[in-house]
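A look at the structure
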Amino acid sequence: MASHFSRMCLIGCGLIGGSLSLALQKAGAVSRVIGYDKSPEALREARARGVIHETAEHLEDGVRFADLIVLAAPSPVVIDLLVEVKKHIYLAAPDVLITDVCSTKKLVQDRAKQCDLHEHFLGGHPMAGSEKSGVQAADALLLENAVYVLTPEKDQDEKARRFAEVLAHAGSRVRFMDAKEHDRVVAAISHVPHLIASTLVSQVRDLANQSAAYTELAAGGFRDITRIASADPALWSDITLENQAEILPLLDDWIRRINTLKTILSSREQTHLHQFFDDARVFRDALPARSTGAIRAVFAVTVSVPDEPGIIGRIAMLLGEHHISIRNIGILESREEDLGQLLLQFDTIQFHDEAIYVLQGEGYQIIDRV
Ligand SMILES: NC(=O)c1ccc[n+]([C@@H]2O[C@H](COP(=O)([O-])OP(=O)(O)OC[C@H]3O[C@@H](n4cnc5c(N)ncnc54)[C@H](O)[C@@H]3O)[C@@H](O)[C@H]2O)c1
Ligand SMILES: O=C(O)C(=O)C[C@]1(C(=O)O)C=C[C@@H](O)C=C1
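Residues numbered from 1 in each chain as written. Chains lettered and ligands numbered in written order. Predicted model: local features only at pLDDT ≥ 70, side-chain atom pairs only at ≥ 80, totals over all residues. Heavy atoms only, no water.

- The protein appears in an unreviewed UniProt entry as Prephenate dehydrogenase from Ferroacidibacillus organovorans.
- Under Catalytic activity (unreviewed entry), UniProt gives the following word-for-word description of the protein: "prephenate + NAD(+) = 3-(4-hydroxyphenyl)pyruvate + CO2 + NADH". (UniProt positions renumbered as here; feature names shortened; annotations may be inferred.)

Written as structure tokens, this is what we have:
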């Protein structure tokens, strides 16, 4: 059985915090949730929807006795609130885990360190969401089957292992990453797409001033690619400003690519154009199929392995030879001694059980199974 939290303090009871709370409750990973939010309406709705069990009027009331604190407000707010959390942390359980769900990781993580909360803090980011916001849109299924990034630092492996188990149990696909690398990747797959979607909308909005036909004819293609332009403007201003350093070079690259496209199109280079569409199609079609919200279990095994280069490849190959398909694999612990821990996740109980059999047969010690 994965770890269990008895008292979770949810700071920011909106779409993502609400969805995480519902998912953890559904998985039996938390018993009681205390909500803190600047909006009394959000708190009322969160309570009515079972996202929280009680409300905290002051932050310290939420932090008191908490063994899990989730910061799920916009990141500039989270950065400020970390100072407040630090002031009251002595009221929390001694081994309290503090995590966040912000769309950028480096700044929040650095702030947690500055506030001397590093011992408790673990950066997190569920790669799932919606153009909607607010607790009314919260859904336990939102995080199910979604990649959930954790950004532990070297001495945070135990916390990461514990929380990864809980998240896997709740149906997320946990992926460990360095915070800076996370910010670079999400700039390309999330932040630039939001900027481009809104640019497309603004182009058509200006054209629609000339003729109503632009809005009347806007069909599936335009709507599909611009869905995310309906997201909360305040949230997206915060996110893009915060990750500006990673976004700007990608926008330069965009300008280069658009200029190349202009050249290809104006000189009617059909072969080039075909290649351009085909390359995009092939890559897009090969993206892993994801359907967040589908009820899909995750079966996890933690195994003790020698802490040496190539170990992930060797384990993957061993299981591959036995036709065992791995959903996710990652190092959890890299200690001074020569042993580390590897977390393996599988889609079926059969793969899970067969993996344990094969690994034990090869002399590996199984530390945990979920
Ligand atoms: N929307 C997405 O698709 C998505 C996906 C993954 C992560 N995130 C991240 O999750 C976090 C929350 O986003 P969301 O979409 O759930 O937003 P949301 O607007 O639905 O929820 C945010 C909540 O925080 C509360 N809040 C704001 N300021 C506060 C303060 N000073 N004190 C207490 N509560 C405060 C709001 O009242 C609101 O209830 C953000 O950091 C965002 O980057 C969003
Ligand atoms: O699906 C959407 O609407 C989203 O915008 C989700 C999305 C994304 O860009 O993929 C948005 C922000 C996040 O931090 C993570 C996920």
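**As for the site of ligand 1**
- Taken together, 27 residues lie near ligand 1, and Ile16, Asp37, Ala73, Ser103 and Gly134 sit nearest.
- Backbone polar atom of Lys38 to a nitrogen atom of ligand 1: 3.3 Å apart, as the coordinates give it.
- Ala73 places a main-chain nitrogen or oxygen 2.8 Å from an oxygen atom of ligand 1.
- When ligand 1 is considered free in solution it has 830 Å² of accessible area, and contact with the protein chains removes 87% of it.
- Listing elements by their share of the shell around ligand 1, those giving two or more residues are helix H1 (15–26), helix H4 (75–88), strand E7 (124–126) and helix H10 (233–242). (Near = heavy atom within 4 Å. Polar contact = N/O pair within 3.5 Å; in protein donor to acceptor, adjacent residues only side chain to side chain. Areas by Shrake-Rupley, 256 points an atom, 1.4 Å probe, with all protein chains shown as cover. Helix = DSSP H or I, 4+ residues; strand = E, 2+ residues; numbered from the N terminus.)

**Points about the site of ligand 2**
- Lining the immediate surroundings of ligand 2 are 13 residues, of which Ser103, His125, Ser190, His194 and Arg227 lie closest.
- Note that an oxygen atom of ligand 2 is positioned 3.4 Å from one of the backbone N or O atoms of Glu131.
- Between ligand 2 and Arg227 there is a distance of 2.8 Å, counted from an oxygen atom to a side-chain nitrogen or oxygen.
- For ligand 2, the protein covers 82% of the area, taking 370 Å² as the surface of the free molecule.
- Among the secondary structure elements, those contributing two or more residues to the shell around ligand 2 are E7 and helix H7 (179–208).
- Of the residues assigned to the shell around ligand 2, the class counts are 5 nonpolar, 6 polar and 2 charged.
- In terms of domain composition, the shell around ligand 2 takes at least three residues from each of domain 1 (5–177) and domain 2 (182–261). (Nonpolar A, V, L, I, M, F, W, Y, C, P; charged D, E, K, R; others polar. Domains from an automatic or database assignment.)

**Some remarks on the pairing of strand E8 (residues 147–150)**
- Of the two faces of E8, the one holding Val147 and Val149 and the one holding Tyr148 and Leu150 are both buried throughout.
- Note: E7 against E8, 3 bridges, orientation antiparallel. Directly across from His125, in E8, lies its bridge partner Val149.
- Bridging between E8 and strand E9 (residues 173–176) involves 4 bridges; their strand directions are parallel. Following the sheet pairing, Val149 is matched in E9 by Arg175.
- This β-α-β element, E8 to helix H6 (residues 157–169) to E9, shows right-handed connectivity. (Buried < 20%, exposed > 50% of the residue type's maximum accessible area, 1.4 Å probe, protein only. Pairing = 2+ DSSP bridges. Right-handed = clockwise from strand over helix to strand, strands pointing away.)

**Considerations on the nonpolar core**
- In this structure, Leu10, Leu24, Leu68, Leu150 and Phe163 are the most contacted members of the largest nonpolar core, which totals 43 residues.
- Secondary-structure elements contributing two or more residues to this core are strand E1 (5–11), H1, strand E2 (30–36), helix H2 (40–48), strand E4 (68–71), E8, H6 and E9.
- Counting contributing residues per domain, this core is built from domain 1 (5–177) and domain 3 (299–369), each supplying no fewer than three.
- Apart from residues lying up to four places away in sequence, Phe163 is in contact with Phe5, Leu68, Leu97, Thr99, Leu122, Tyr148 and Leu150.
- Listed in part, the 23 residues of the second largest apolar core include Ile11, Ala73, Cys102 and Cys115. (Core = buried A, V, L, I, M, F, W, Y, C linked by side-chain atoms within 4.5 Å. Contact = heavy atoms within 4.5 Å.)

**Observations concerning the sheet that holds strand E5 (residues 97–100)**
- Overall, parallel pairing links the 6 strands, which are arranged E3-E2-E1-E4-E5-E6 in an open sheet. Both edges of this open sheet fall to strand E3 (54–55) and strand E6 (121–122), since each of them pairs with a single strand only.
- Two strands pair when backbone bridges link them, and E5 and E6 are joined in this way by 2 bridges, in the parallel orientation. Across the sheet, the residue bridging to Ile98 is Phe121, located in E6.
- On top of the sheet, H1 reaches E1, E2 and E4; it is set at about 170° to E1, its chief contact. (Axes fitted to C-alpha atoms, helices over the stretch in contact; angles between N-to-C directions.)

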